[in-house]
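If you want the building blocks of each chain, they are given just below.
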Amino acid sequence: MAEPGMMMCIPYERVNIDIIHEMITTDYADASANGGQWLSLDCRAGLYINVYCCNFIISYEISNLDIFSRRRRMSYNGISFDRFYDRSNGFQGVFAAISYNF
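Residues numbered from 1 in each chain as written. Predicted model: local features only at pLDDT ≥ 70, side-chain atom pairs only at ≥ 80, totals over all residues. Heavy atoms only, no water.

A look at the confidence of the model for the protein chain
Move 1: For the protein chain, the average pLDDT comes to 88, and 100% of its residues sit at 70 or higher.
Move 2: Mean pLDDT across the elements of the protein chain bottoms out in strand β1 (residues 2-8) (87) and peaks in strand β5 (residues 54-63) (94). (pLDDT = per-residue confidence, 0-100. Helix = DSSP H or I, 4+ residues; strand = E, 2+ residues; numbered from the N terminus.)

The structure is reproduced here in C-alpha cells:
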C-alpha cells in the first residue's frame, strides 16, 4: 500500500517564557508568531496483511514537515528564536498497527 498526502498546519504559535534571575523565576512573558510552514507533503508506504479476523500494518513515512518553522519567526526583547531551533529537512518514521475485525 502507498498513501501520498499532505498535512495542513495552523500558521500561529504562542510560547510562554519564564524570566529567571539567579535561579528563581521572577516573571512570565509570552511570544507569538504567525506564518511559517502551513502545508507539508508526506508519503507512507507499507505492508498490509489480513489473517482471518486480524489486520497487521507496518509502514514507513517520510515528510517535509518542519515543526519549528513558526518558532523560528518569534522574538523576545529583540532576540530572535531562529538561532535556537535547527532547520529541518523533514522527518521520517515507522508506523505499526494491529486491529481485529468483529
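Overview of the pairing of strand β3 (residues 24-34)
Move 1: Strand direction decides the pairing type here: strand β2 (residues 12-21) and β3, joined by ten bridges, are antiparallel. In the strand pairing of β3, V15 is matched with A31.
Move 2: What sits between β2 and β3 in their antiparallel hairpin is a turn of two residues, with E22 showing a positive phi close to 55°. (Pairing = 2+ DSSP bridges.)

Observations regarding the nonpolar core
Move 1: Core analysis: the biggest nonpolar cluster contains seven residues, these being V15, I17, A29, A31, A33, M74 and F81.
Move 2: Mapped onto this core, the elements with two or more residues apiece are β2 and β3.
Move 3: With three residues, β3 is the single largest residue contributor to this core.
Move 4: Beyond its immediate sequence surroundings of up to four residues, F81 is in contact with V15, I17, A31, R71, R72, M74, S75 and Y76. (Core = buried A, V, L, I, M, F, W, Y, C linked by side-chain atoms within 4.5 Å. Buried < 20%, exposed > 50% of the residue type's maximum accessible area, 1.4 Å probe, protein only. Contact = heavy atoms within 4.5 Å.)

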